[in-house]
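Given next are the chains, with one letter for each unit.
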Amino acid sequence: MTIAIDCQNLTKTYDSDGQKVMALTGVNLAIHQAELMMLVGPSGCGKTTLISIIAGILDQDEGHCWIYGQDVNKLASRDRLKFRAQNIGFVFQAYNLLPALNAAENVAVPLIINGMKRSQAERKAVELLAQVGLAERYRSLPAQLSGGQQQRVAIARALVHEPRLIVCDEPTSALDHQNGQLIMQLLKQVALQNNRALIIVTHDARIFSFADRIAHMDDGRITDIEATVLKHPD
Ligand SMILES: Nc1ncnc2c1ncn2[C@@H]1O[C@H](COP(=O)(O)OP(=O)(O)OP(=O)(O)O)[C@@H](O)[C@H]1O
Ligand SMILES: [Mg+2]
């Protein structure tokens, strides 16, 4: 199997009011193409830090991370933004929707950044919103949507430009069982196309069975990687 993401010896320390917080202490992790890797572990163990480095949002202190062969850290900042915009979709733990834009406009942002005409981008955004069960709400502002609806807008925004790598931080935390299953089926369907890769941070045991492998993290390192036996029937 071909490797999509290759992290080697990643370390990261934060400076919190003069105190050093070791968030990653030497993480090695390889994710294959067409693979759904879940990342689990206690609060504060470094999950968001790790996926932020993988997605090129945060710089590591040491180590390397190759995304489809590209060491994102080595790119100049403009090329890096372009690489991220074209290749990575990210669902933030706190959604991070733009409050002044409605749902369709939020979802259209990655397409517009990649050069698509606004009218076409918004048409595509509305189609994707329908796939996450929000066909009727595309004109709503984030503040007019429930937490679970905002979460689905954030997921649509991460998928709309068909990135090769999709990274989700707790994508089902605000969803009921039915919507959680719908989102997982959609994510899996999209991620398995064209040798993409999908990383999902989660505490949600209801979705573990969708994973190909589950990486356990504790205290800034990967402690175990488990291949799931139980495959979801879909
Ligand atoms: N910007 C920051 N400044 C200082 N410390 C930080 C910062 N971000 C994270 N940390 C610390 O780094 C460690 C790892 O944080 P991280 O957010 O990666 O954890 P997590 O596994 O995603 O937790 P959760 O499940 O609660 O989201 C924690 O001890 C946290 O307090
Ligand atoms: Mg987190």
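So, how was this worked out
Residues numbered from 1 in each chain as written. Chains lettered and ligands numbered in written order. Predicted model: local features only at pLDDT ≥ 70, side-chain atom pairs only at ≥ 80, totals over all residues. Heavy atoms only, no water. UniProt positions renumbered as here; feature names shortened; annotations may be inferred. Helix = DSSP H or I, 4+ residues; strand = E, 2+ residues; numbered from the N terminus. Buried < 20%, exposed > 50% of the residue type's maximum accessible area, 1.4 Å probe, protein only. Contact = heavy atoms within 4.5 Å. Donors = N, O, S within 2.8 Å, 3.2 Å for Na, K, Ca; no water.

Per an unreviewed UniProt entry, the chain goes by ABC transporter ATP-binding protein and derives from Methylocucumis oryzae. Looking at the chain in UniProt, the text filed under Sequence similarities (unreviewed entry) is "Belongs to the ABC transporter superfamily. Macrolide exporter (TC 3.A.1.122) family."

With that settled, consider the environment of Pro 110. Inspection of the secondary structure assignment puts Pro 110 in helix α3 (residues 103–113). Exposure remark for Pro 110: the relative accessible area of 12% places this residue in the buried category. With 90 residues separating them in the primary sequence, Pro 110 and Ile 200 have C-alpha atoms 20 Å apart. Apart from residues no more than four positions distant in its own chain, Pro 110 is found in contact with Arg 157, Val 160 and His 161.

Along the polypeptide, Ala 85 turns up in helix α2 (residues 77–87). Owing to a relative accessible area of 17%, Ala 85 belongs among the buried residues under this scheme. Placed 82 residues apart in sequence, Ala 85 and Ile 3 show a C-alpha to C-alpha distance of 21 Å. With residues up to four places along the chain from it excluded, the contact list for Ala 85 reads Ile 113, Asn 114 and His 161.

The next point concerns the coordination of the magnesium ion (ligand 2). For the magnesium ion (ligand 2), every protein donor is listed as Thr 48 (OG1) and Gln 93 (OE1), and the spread of their distances is 2.0 to 2.5 Å. Of the two residues, Thr 48 is situated in helix α1 (residues 47–54) and Gln 93 in the loop between β6 (88–91) and α3; the sequence distance between them amounts to 45 residues. Residue classification places Thr 48 among the partly exposed positions, given a relative accessible area of 33%.

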